[in-house]
Amino acid sequence: MPEAVIVGGVRTPFARAAAEFNDIPAQDLGRLAVRELFDRFDLDPAEVDELIAGNVASPIDAANVSRVIALRAGIPKDRIAHTVNRNCASGMEAVTEAVERVESGSANCVVAVGVDSMSNIPVYLGKRFTNKMLPLARAKTALDRLKVFGSFRPSDLKPIIGIKVGLTDPVSGLMMGETAEKLAREFDISRERQDEFALKSHHKATAAWEAGRLAGETMPVYAGADAKPIAEDSGPRADQSLDKLAKMRPYFDPRWGTVTVGNSCGVTDGAAALLVMSADKARALGYEPLGRVRGYAYAGCDPSRMGLGPVFATARALDATKMRLDEMELIELNEAFAAQVLACLEGFRNPERVCSAEEGANRLSALDEGKLNVNGGAIALGHPVGATGARLVLTLLNELARRDQTLGLATLCVGGGQGAAVVVERLGKAA
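Reading the values: rules and limits
Residues numbered from 1 in each chain as written. Predicted model: local features only at pLDDT ≥ 70, side-chain atom pairs only at ≥ 80, totals over all residues. Heavy atoms only, no water. Buried < 20%, exposed > 50% of the residue type's maximum accessible area, 1.4 Å probe, protein only. Helix = DSSP H or I, 4+ residues; strand = E, 2+ residues; numbered from the N terminus. Pairing = 2+ DSSP bridges. Salt bridge = Lys/Arg side-chain N within 4 Å of Asp/Glu carboxyl O.

J.: Sorry if this is basic, but what is going on with the pairing of strand 14 (residues 418–426) here?
T.: The two faces of a sheet get side chains in turn, since along a regular strand they alternate between them. Summarising burial for strand 14: eight of the nine residues are buried, a large majority. Judged from the nine bridges that link them, strand 11 (residues 291–300) and strand 14 form a sheet pairing that is antiparallel. Bridge assignment links Y298 to a residue of strand 14, and that residue is A420. As consecutive antiparallel partners, strand 13 (residues 407–414) and strand 14 are separated by three residues, and within that stretch G416 has a phi angle of approximately 100°, a positive value.

This is the structure in structure tokens:
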């Protein structure tokens, strides 16, 4: 079976929604990342067999956003492209599907992309409005049109906020933040602990940018009417403090809650692209691979406890690779909410509270927090939903290389009640 390797990758900075990248749709964010990937590795787009993009907020004018990205990035028209959606793990799904394609022998070179423009999630009008627009379109006379107009009511024009609907689980009926509130109560996680965790994320992220550790994996994006270069993530705040965090009101449960905007991930725009090849092709093209995927797993869990997905998925991924959590030298665990990460840490420490030995819980253990999200996480960096899974893998491999370490775990919870986890092995040098 061919060996799949990750040659390297690049990502855009992550920008707060409705800000720097407000006018850049997902297909263009993805195109920018892929073109930069080709430039950095001096790769002819004709070498690419396939492009797979993970995306959640599918643009209405680019239904298969992967195909649009591929063609606009210069990949030949006879090459294939498809889009995957595993909610928060979509970018990771793109990476693991790319690995599968290469290992199966069906492709030698695949570009894996994760992308989302949360700024461009629409506000729309509901079904009652749509139902009245259809007769209006069919009306043949002015009188017929007037009758239809007369049937409209002000309530038909009530706007529906797409991002709010998208962040609400249709099975449990809970918004993602409400599931974090549930975990905070279940695991007795205080507001103070959540705020302290959030502050550490900002401190680590700002320190990483100041030291230049994230510069190698990012690219400048020229945005806005004045084509201003955006070169860094906009979320990390050097001046963040516990006092400022403490003043923020609970967002999802105003009366009794502990989850705030400050101890949750940001709503963000961004893209990441990784180059996955067979080891033979990488060697033939003169590339030194950055790393490879040793194993991965996806797991399901109760949608109302979706934040615990990393515990289930990590247990399965470690079981598949016959490894233990304490063998991982670095861990990237997506910070959807501070409460959710802290609940997962408790799940790793006491897995019997979450999953059974048959699910690989015997491979879990207390996690050394010095290994966790060493360059900050989504609370500071942001979480463009479809892009994050790819970003976690890229950041993890780069940091392993910087530290001359070998094994790492990237994992995240998935809206709807799933988890995703990838065990990676570093092979080469960081960007």
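J.: How do you make sense of the pattern of salt bridges when you look at a structure like this?
T.: Side-chain pairs of opposite charge can arise whenever the charged atoms involved come near each other. Enumeration according to the criterion identifies 28 salt bridges in this entry. Note that D280 and R283 form a salt bridge whose closest N and O atoms lie 2.9 Å from each other. Taken together, the residues span about one helical turn, with D280 and R283 both in helix 10 (residues 279–284) at a distance of three residues. Each of the two residues, D280 as well as R283, counts as exposed. Put simply, R324 and E327 hold a salt bridge, and the shortest N to O gap is 3.7 Å. Exposure remark for R324: the relative accessible area of 42% places this residue in the partly exposed category. On the basis of relative accessible area, E327 is assigned to the partly exposed category, the value being 29%. One network of salt bridges, with partners in common, ties together E3, R292, R294 and E425.

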